[in-house]
Amino acid sequence: VERLDADVGRVMSQLSALGLDRNTLVLFASDNGAGGEAVNKGRFGSQGGLRGAKGSLREGGIRVPQIARWPGRVPAGRTTEFPTAFWDFLPTAAELAGARAPAGIDGISIVPTLFGRPQEQREYLYWERLDPKRLTRAVRMRNWKGYQETAGGPIELYDLESDPAESRDIAGEHPQVVARIRKIMDEA
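These notes cover the structure that comes with them.

Quick notes on the rules
- Numbering of residues begins from 1 in every chain and follows the order in which that chain's sequence is written.
- For a predicted model such as this one, the threshold for reporting local features is a pLDDT of at least 70, and the threshold for listing and counting side-chain atom pairs is 80 or more; totals across whole chains, interfaces and linings nevertheless cover every residue.
- Values reported for side chains reflect all heavy atoms of the structure, with hydrogen atoms and water molecules removed beforehand.
- With a 1 Å grid laid over protein atoms only, a set of points is called a cavity when a 1.4 Å probe fits there but cannot get out and a pocket when it is open yet has protein on both sides within 12 Å along at least five of seven lines; lining residues have an atom within 4 Å of a point.
- Grid points are joined across faces, edges and corners, and a volume is the space filled by probe spheres set on the points.
- The helix and strand labels rest on DSSP assignments: H or I over at least four residues marks a helix, E over at least two residues marks a strand, and numbering proceeds from the N terminus.
- Note on terminology: a nonpolar core comprises buried Ala, Val, Leu, Ile, Met, Phe, Trp, Tyr and Cys residues joined through side-chain atoms within 4.5 Å.
- Relative accessibility thresholds used throughout: buried, under 20% of the residue-type maximum; exposed, over 50%; partly exposed, between the two (1.4 Å probe, protein chains only).
- Note on definitions: a residue-residue contact is assigned when non-hydrogen atoms from the two residues lie within 4.5 Å.
- We score Asp and Glu as negative and Lys and Arg as positive, and we do not count His or the chain ends.
- One speaks of a salt bridge when a side-chain nitrogen belonging to Lys or Arg is within 4 Å of a carboxyl oxygen belonging to Asp or Glu.
- The rule for pairing is simple: two strands pair if DSSP sees at least two bridges between them.
- Interaxial angles span 0 to 180 degrees and are taken between N-to-C directions of axes, which are lines fitted to C-alpha atoms, for helices over the stretch in contact.

**Some points on the layout of surface pockets**
The computed volume of the largest pocket comes to approximately 1200 Å³. Lining the largest pocket are 44 residues; nearest its centre among them are Val64, Pro65, Gln66, Phe82 and Thr84. When residues of the lining of the largest pocket are traced back to their parent elements, those giving at least two are α3 (59-62), β2 (66-69), α5 (111-114) and β3 (125-131). Here the element with the most residues in the lining of the largest pocket is β2; it accounts for 4 residues.

**A closer look at the nonpolar core**
Judged by nonpolar contacts, the single largest core of 13 residues is most densely connected at Val139, Met141, Trp144, Leu157, Val177, Ile181 and Met185. Within the residue set of this core, elements represented by two or more residues are β4 (134-141) and α6 (175-187). A per-element tally of this core places α6 first, with 5 residues. With near-sequence residues (within four places) excluded, methionine 141 lies in contact with Glu123, Tyr124, Val177, Arg180, Ile181 and Ile184.

**Quick look at the side chain of aspartate 159**
Structurally, aspartate 159 is set in strand β6 (residues 156-159). The side chain of aspartate 159 sits in the buried core without any salt bridge; arginine 168 is the nearest counter-charge, 8.0 Å away. Residue contacts for aspartate 159: discarding those within four places in its chain leaves Asn143, Trp144, Pro164 and Ile170.

**A closer look at the sheet that holds strand β5 (residues 144-148)**
Sheet strands line up and pair through hydrogen bonds in the backbone, either parallel or antiparallel. Pairing in this open sheet of 4 strands is antiparallel, and the strands run β3-β4-β5-β6 from one edge to the other. On the outer flanks of this sheet lie β3 and β6, each paired with one strand and no other. For this sheet the average axis-to-axis angle between neighbouring strands, irrespective of direction, equals 15°. Pairing between β4 and β5: 5 bridges, direction antiparallel. Residue pairing across strands places methionine 141 opposite tryptophan 144, the latter belonging to β5.

**A look at the pairing of β3**
On a regular strand, each side chain points to the face opposite its neighbour's, so the side chains alternate between the two faces of the sheet. Note that β3 and β4 share 7 bridges and pair antiparallel. By the bridge assignment, tryptophan 127 is partnered in β4 with alanine 138. Connecting β3 to the next strand, β4, in antiparallel fashion are 2 residues.

As structure tokens, then:
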């Protein structure tokens, strides 16, 4: 973490030295949550109370912050709860460059969110992880999170607005939501 902090500082210093820091969008995010759930909880607390870690489709494995800096374009000190994923980078970069994103991709441009404007909502985000023993799937649909440990297994349901730690499975209380998530998992 210290090395990363120093290296980001070096990149930012170089942009400034080249006179590019005020005309460059800098996006910073992790590709996954912290590794080693038990170690990180005890030593760093970096899961922030979320369930799971790197390699998991639980919130502790996929929910990470993203930081954007572009003086005069991206409002400083502003936060958003709009969920985004790495597949949104290409359409975002294309829009900023005045180009079209390829047709048929999953991502959307988050330029409106970056600039503090209303953002088009998407129906869902979908993840899957295949390891030699099982296919794990997750869907984020507004505040709902559907999680399936193995393909064909039960779908757990969480309301991330009231339960970001995924501690209370409420699938039995919302069968219509579970049915929609199952359909998304099967189609996506």
